[in-house]
Amino acid sequence: MSAPTVEITVPKTGKTIKVSTGLFINNEFVPSVDSKETIQCINPATEDVIASVVAGSAADIDRAVAAARAAFKTTWGKNVTGFERARLIHKLADLIERDAQELAELETLNNGKPVRIARDFDIGDSVQCLRYYAGWADKIAGQSLEVDNKTKFAFTRHDPIGVCGQIIPWNYPIQMWAWKIAPALAVGCTIVMKPSELTPLTALKLSELIVEAGFPPGVVNTVPSLGSVGGAALSSHMDIDKVAFTGSTVTGRKIMEAASKSNLKKVSLELGGKSPHIIFESADLDQATNWALLGILYNTGQDCTAGSRLFVQESIYDKFMSALVSKAQQLVVTDGFDEKASGGPVVSKIQYDKIFKYIGLGKEQGAKCVTGGEKRPGKGYFVDPTIFTDVTADMKIFQDEIFGPVLSVTKFKTEEEAISHANNTAYGLGAGLHSNDANQCMRVANELEAGTVWVNQYNILYNNVPFGGKKQSGIGRELGSYALEEYTSVKAVHWNFGEKVDFPF
Ligand SMILES: NC(=O)C1=CN([C@@H]2O[C@H](COP(=O)(O)OP(=O)(O)OC[C@H]3O[C@@H](n4cnc5c(N)ncnc54)[C@H](O)[C@@H]3O)[C@@H](O)[C@H]2O)C=CC1
Ligand code: BAL
C-alpha cells in the first residue's frame with residue numbers, strides 16, 4: 001500500500017506541489033505500521049493548516065532501522081566506493097539546486113522564513129554542504145603507522161560507524177537536513193532521519209530527490225514523528241550506532257540518557273546558546289550595529305548562535321544604541337512571501353507564547369524595553385524586533401535561551417568586565433566581538449568560552465569550518481573535516497610479518 005499525498009499550492013510561483021505524507025522507507029512512501037495519528041503542519045504567517053502528515057510510531061522506526069541496516073550491509077557501507085558515494089551526493093546537490101525555488105516556497109509555508117532567504121541562504125548553503133562532503137567521499141583514509149621497522153606495522157581504517165539516527169529541528173529544516181546527511185553519506189553510513197514535527201514537509205520532498213539521485217533503497221529513510229515517540233525510539237534503539245541531534249539542551253540530555261541506557265551509541269549534540277556579542281569603543285560603529293542586528297534578528301532570532309546578549313562599552317553606548325534602535329525599527333517583519341520581508345513570523349504558537357513570556361519577565365524584572373515588545377493584532381505569530389537595555393546578569397532574559405528576536409543589552413566599562421559578563425552563562429556555542437585593536441581581538445577571542453568566535457562579523461559559517469559548542473551547548477562538531485570523525489569508527493589493524501612468540505611466553 002502506498003502512502004497518501006497532499007497537493008499544496010505555493011503562493012509565489014502559483015505551482016501546485018505534491019508531497020507524500022507518509023513514511024519514506026526503502027525508497028518508497030508507505031503508511032505507518034500501526035499509527036493512526038497525524039501531525040498538522042501550520043503556516044505560521046496565517047495560522048492555516050497546510051497539510052497533515054503521518055505521526056510515525058516506534059514500530060515505524062524499527063522498520064526504518066531494519067531497512068537502513070540491510071542497506072548498510074549490502075549496497076552501502078563498505079560495499080560502495082567513495083567515488084560512487086561522491087557521484088550520488090553531487091547528483092543530489094544538483095537536484096536540490098534545480099528545485100530550489102519550489103523547496104524554498106514549501107519551507108516558507110511551513111517555517112515562515114522569507115522565501116528569498118530560504119532559497120539563497122538555507123538552500124544555497126545546503127547545496128554547497130553536499131558538494132563539500134561529496135569532495136570528501138573518496139578521500140576517507142586511515143593512517144599507516146610504524147611500530148617496528150623489521151617485523152610489524154599497523155594501520156588504521158576509518159570505517160563508517162553504521163546506522164545513524166538523525167533528529168533535526170524546525171529552525172532550518174532543509175539546512176539541518178543537509179548538515180546531517182552530507183557527512184554521514186560521504187563516509188558510508190545509512191540514515192533514519194526524523195524531521196521536527198513542526199516542519200516535516202521539506203524533508204519528505206527531499207526524500208523524493210534521494211530516489212531520483214539514484215541512492216539504493218534504505219540508505220536514507222525519513223520518519224516524521226513526535227519527538228517523544230520517534231526521537232525517543234531512535235535514541236534508545238539497540239540497532240542504531242549513532243545519534244546526531246540539533247535542538248534544545250533539555251532534549252539533548254534525554255537523548256544522551258537514552259543512549260547510555262540502551263546500547264551506548266555514539267551521540268553528537270548541537271544544543272542551545274545564549275551567545276555574547278561585545279562592542280568595544282574602537283569598533284566601526286556603523287558595521288557593528290549591522291552585525292549586532294543580524295546576530296539577533298537573522299531567522300527571527302530562532303538560531304542556536306543568536307547573539308542575544310549584547311555588551312556595549314560605556315564610552316560609545318549612547319551613540320551606538322541610538323543607531324541600533326533606529327535600524328531595528330526599519331526592518332520589515334512580515335509574511336515570508338512578501339519581497340520586503342527581512343524576517344517572518346516565529347514558527348509556532350508555542351514559540352510565540354514562550355517569547356512573550358520572556359518579554360513579560362524582562363519588563364517585570366526591571367529591564368527597559370526600548371523597542372518592540374508588544375503583540376500585534378491579527379493572525380500570524382509575528383514578533384517585532386525587541387531590545388531591552390539595563391539588563392543585569394540575574395535576569396531571566398540574560399540567562400535563558402529565548403529563541404526569538406529579543407536582544408538584551410548590558411553596558412560595560414573594561415575589557416575584563418566584558419569577558420566576565422560574556423562567560424557568565426551555562427552555554428558556550430557562539431560569541432562575537434568588534435574592535436579595531438588587533439591585540440584586543442586576539443586576547444578576547446582567546447578568553448571567550450565558545451565553540452565559535454566571530455571577530456568583526458557575526459553568524460557567518462562556512463562548510464569547511466567546524467561548528468559546535470562547549471559547556472551545555474553540545475558535544476561534537478558539525479561541518480568541516482571534523483564532522484567526518486562523528487560518523488566514522490577507527491579500527492587499528494596490527495600486522496605481524498616476522499615476529500615469533502615463544503611458548504610458554
Ligand atoms: N539549538 C537549536 O538549533 C534549537 C534549539 N531549540 C530550543 O528548544 C526550544 C524548544 O523547541 P522544541 O521544538 O521543543 O525543541 P526540541 O529540542 O524538543 O526539538 C528538536 C527535535 O528533537 C525532537 N525531540 C523532542 N523530544 C525528543 C526526545 N525525547 N527524544 C528525542 N528527540 C526528541 C523533536 O521532535 C525535534 O525533531 C526552543 O525554544 C529553543 O530554545 C529548538 C530548536 C533548535
Ligand atoms: N545557525 C546554525 C544552526 C542552528 O541554529 O541550529
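Keep in mind it's a predicted model, so treat the numbers as computed, not measured.

Rules used in this analysis
Residues numbered from 1 in each chain as written. Chains lettered and ligands numbered in written order. Predicted model: local features only at pLDDT ≥ 70, side-chain atom pairs only at ≥ 80, totals over all residues. Heavy atoms only, no water. Helix = DSSP H or I, 4+ residues; strand = E, 2+ residues; numbered from the N terminus. Rg over C-alpha atoms; globule rule 2.2 N^0.38 Å. Buried < 20%, exposed > 50% of the residue type's maximum accessible area, 1.4 Å probe, protein only. 1 Å grid on protein atoms, 1.4 Å probe; cavity = no way out; pocket = protein on both sides within 12 Å on 5 of 7 lines; lining within 4 Å. Points joined across faces, edges and corners; volume = space filled by probe spheres on them. pLDDT = per-residue confidence, 0-100. Near = heavy atom within 4 Å. Polar contact = N/O pair within 3.5 Å; in protein donor to acceptor, adjacent residues only side chain to side chain. Areas by Shrake-Rupley, 256 points an atom, 1.4 Å probe, with all protein chains shown as cover. Nonpolar A, V, L, I, M, F, W, Y, C, P; charged D, E, K, R; others polar. Domains from an automatic or database assignment. UniProt positions renumbered as here; feature names shortened; annotations may be inferred. Contact = heavy atoms within 4.5 Å. Phe/Tyr/Trp six-rings, centres within 6.5 Å; stacked < 30°, edge-to-face > 60°.

Participant: Is there a simple way to explain the overall build of the protein in this structure?
Facilitator: Helices and strands together make up the secondary structure of the protein, namely 15 helices and 22 strands. What you see for the protein is a C-alpha radius of gyration of 24 Å, in line with the 23 Å of a compact globule of 505 residues. Taken along the three principal axes of its C-alpha coordinates, the protein extends 80 × 60 × 40 Å. In the protein, which comprises 505 residues, the share counted as buried stands at 58%.

Participant: Explanation requested: the layout of surface pockets in the structure shown.
Facilitator: A water-sized probe, rolled over the atoms, reveals where empty space remains. Reported here for the second largest pocket is a volume of approximately 210 Å³. If you go around the second largest pocket, you meet 15 residues; those closest to its centre are Arg-85, Ile-140, Arg-157, His-158 and Pro-160.

Participant: I tried to follow the confidence of the model for the protein on my own but got confused; where do I start?
Facilitator: Low-pLDDT portions of the prediction should not be read for the details of their coordinates. When pLDDT is averaged along the protein, the result is 97; 100% of the residues meet or exceed 70. Per the prediction output, this complex has pTM 0.98; the corresponding ipTM is 0.97.

Participant: Would you explain the site of ligand 2 in this entry?
Facilitator: Around ligand 2 lies a shell formed by Asn-171, Tyr-172, Met-176, Trp-179, Thr-246, Glu-270, Asp-303 and Cys-304. Between an oxygen atom of ligand 2 and a main-chain N or O atom of Cys-304, the distance comes to 2.9 Å. In isolation ligand 2 has 220 Å² of accessible area, and contact with the protein removes 94% of it. When the residues that make up the shell around ligand 2 are grouped by side-chain class, the tally is four nonpolar, two polar and two charged.

Participant: What exactly am I supposed to notice about empty space enclosed by the protein here?
Facilitator: Here the structure, examined in full by the defined rule, presents four cavities of 30 Å³ or more. Taken as a whole, the largest cavity spans an internal volume of roughly 110 Å³. Lining of the largest cavity is provided by 20 residues; of these, Lys-180, Ser-268, Arg-477, Glu-478 and Tyr-487 occupy positions nearest its centre. Examining the composition of the lining of the largest cavity, we find that four residues originate from one element, strand E12 (residues 242-246), more than from any other. In terms of residue class, the lining of the largest cavity is made up of 10 nonpolar, four polar and six charged. Counted by class, the lining of the second largest cavity contains six nonpolar, four polar and three charged residues.

Participant: Would you mind going over the site of ligand 1 with me for this structure?
Facilitator: Around ligand 1, a shell composed of 27 residues is seen, among which Trp-170, Glu-197, Ser-248, Lys-354 and Glu-401 lie nearest. For ligand 1, a nitrogen atom lies 3.1 Å from a polar atom in the backbone of Gly-247. At a separation of 3.1 Å, a nitrogen atom of ligand 1 approaches a polar backbone atom of Leu-271. Calculation on ligand 1 without its partners gives an accessible area of 800 Å², and the protein chains cover 86% of this total. Secondary-structure elements contributing two or more residues to the shell around ligand 1 are helix H7 (227-235), E12, helix H8 (249-261) and helix H11 (349-364). It is H7 that provides the largest number of residues to the shell around ligand 1, a total of four residues. Partitioned by chemical class, the residues of the shell around ligand 1 number 11 nonpolar, 10 polar and six charged. Of the domains in this structure, domain 1 (5-271 + 473-491) and domain 2 (276-455) are the two that each give at least three residues to the shell around ligand 1.

Participant: What am I meant to see in the UniProt feature "domain: Aldehyde dehydrogenase" (unreviewed entry) in the protein here?
Facilitator: If you check UniProt for "domain: Aldehyde dehydrogenase" (unreviewed entry), the listed places come out as residues 35-493 in our numbering. Secondary structure content for residues 35-493 is 41% helix and 19% strand, and the end C-alpha separation is 46 Å.

Participant: Please clarify how the environment of Arg-69 should be interpreted in this entry.
Facilitator: Inspection of the secondary structure puts Arg-69 in helix H1 (residues 58-74). For Arg-69, a relative accessible area of 14% translates into the label buried. Distance from Arg-69 to Val-192, taken between C-alpha atoms, is 9.9 Å for residues 123 residues apart in sequence. The residues touching Arg-69, leaving out its near neighbours within four places in the chain, are Val-163, Thr-190, Asp-239 and Asp-241.

Participant: Would you take a moment to explain the packing of aromatic side chains for this structure?
Facilitator: Under the counting rule described, the total for this entry stands at 14 aromatic pairs. Centroid distance Phe-155 to Trp-495: 6.4 Å. Interplanar angle 45°. Geometry classified as tilted. In this pair, Phe-155 is assigned in strand E8 (residues 152-160) and Trp-495 in strand E22 (residues 488-496), connecting sequence segments 340 residues apart. Taking relative accessible area as the criterion, Phe-155 reaches 23% and is therefore assigned partly exposed. Measuring from ring centre to ring centre gives 5.4 Å for Trp-179 and Phe-467, while their planes differ by 70°; the resulting arrangement is edge-to-face.

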